[in-house]
Amino acid sequence: MKIEERFLRHAIELSASARARGNHPFGALLSIESEIVLTAENTVNTERNPTAHAETNLIQEAVRKLKPEELARATLYTSCEPCAMCTGAIYWSGVRRVVYALSSTDLARLAGGDFLIPCRELFARALQPVEVAGPLLTEEALKPHEGYWKNLTGWTG
């Protein structure tokens with residue numbers, strides 16, 4: 001799998017943008033043939049929807065706008081390892097390549113480890129293989145999270 005760090009950095013920038021808009025600091029994008037085709041941010045707080053993670057927002061838009069064969073060629077880049085819900089959405093959409101920056105283990109150290117299942121474990125149980133790369137650019141991915149989780153209670157994603 002070809003990994004383009006510029007796309008991962010863009011996902012990290014999207015996570016900072018999500019935080020600036022009052023949401024949890026997560027961002028994701030979809031690329032096909034070295035081009036960004038869609039981007040999304042976490043909107044859990046602004047939409048008052050605990051399922052509005054960056055990856056699920058991205059996948060919902062992708063399945064409406066892209067053909068199945070395009071999704072099969074796509075790579076999803078995300079600022080943080082996908083949670084169990086997002087992993088399922090990615091798999092069922094037909095996307096078969098995921099690249100993430102911050103690991104769920106590192107995120108758990110900051111925000112708590114509620115319902116923590118590494119995405120590789122979930123993808124390993126699927127019928128069709130999914131390529132996963134990460135963690136990558138961890139120090140850069142940590143920056144949007146600095147000080148964010150310290151005073152939050154009742155974190156929901």
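Our structure is the block above this text.
## A short note on the pattern of salt bridges
Across all of its chains, the model carries 8 salt bridges by this definition. Where Lys2 meets Glu4, a salt bridge forms, and the shortest distance between an N and an O atom there is 3.7 Å. Here Glu33 ties to Arg73 by a salt bridge, and the two come within 3.3 Å at their closest N and O atoms. Of this pair, Glu33 sits in the loop between strand S1 (27-32) and strand S2 (35-41) while Arg73 sits in helix H3 (residues 68-73), and the two are 40 residues apart along the sequence. Given the relative accessible area of 42%, Arg73 is considered partly exposed.

## Focus on the environment of Leu71
You can see Leu71 is positioned in helix H3. Expressed as a C-alpha distance, the spacing of Leu71 and Arg97, which sit 26 residues apart in the sequence, is 9.8 Å. Sequence-distant contacts of Leu71, defined by excluding residues within four places in its chain, comprise Leu30, Ala62, Val63, Leu66, Ser93, Gly94 and Val95.

## Thoughts on the sheet that holds strand S3 (residues 75-80)
Strand order in this open sheet of 5 strands is S2-S1-S3-S4-S5, and the pairing throughout is mixed. What marks the edges here is a single partner per strand, and that holds for S2 and strand S5 (131-133). On average, adjacent strands in this sheet sit at an angle of 20° to one another, irrespective of strand direction. As paired strands, S3 and strand S4 (residues 97-102) are joined by 4 bridges and run parallel to one another. Bridge pairing in S4 places Tyr77 opposite Val99.

## Considerations on the pairing of S4
A regular strand carries its side chains on alternate faces of the sheet. The element S4 is largely enclosed, with a buried count of 6 among its 6 residues. Handedness of the crossover joining S3 and S4 through helix H4 (residues 84-93) is recorded here as right-handed. One ladder, built from 3 bridges, connects S4 with S5; its direction is parallel. Its bridge partner lying in S5, Arg97 is registered against Glu131.

## Thoughts on the side chain of Arg97
For Arg97, the location among the structural elements is in strand S4. Of the side chains with opposite charge, Glu131 comes closest to the buried, unpaired Arg97, at an N-O distance of 4.3 Å. Within the structure, the side chain of Arg97 is placed 3.1 Å from the backbone oxygen of Ala72, a separation counted as a polar contact. Side-chain polar atoms of Arg97 contact the side chain of Thr75, separated by 3.3 Å. Excluding residues within four positions of it along the chain, Arg97 makes contact with Met1, Ala72, Arg73, Ala74, Thr75, Leu76, Val130 and Glu131.

Scoring rules and cut-offs
- Residues numbered from 1 in each chain as written.
- Predicted model: local features only at pLDDT ≥ 70, side-chain atom pairs only at ≥ 80, totals over all residues.
- Heavy atoms only, no water.
- Salt bridge = Lys/Arg side-chain N within 4 Å of Asp/Glu carboxyl O.
- Helix = DSSP H or I, 4+ residues; strand = E, 2+ residues; numbered from the N terminus.
- Buried < 20%, exposed > 50% of the residue type's maximum accessible area, 1.4 Å probe, protein only.
- Contact = heavy atoms within 4.5 Å.
- Pairing = 2+ DSSP bridges.
- Axes fitted to C-alpha atoms, helices over the stretch in contact; angles between N-to-C directions.
- Right-handed = clockwise from strand over helix to strand, strands pointing away.
- Lys, Arg positive; Asp, Glu negative; His and termini not counted.
- Polar contact = N/O pair within 3.5 Å; in protein donor to acceptor, adjacent residues only side chain to side chain.

By themselves, these figures tell us nothing about what the structure is for.
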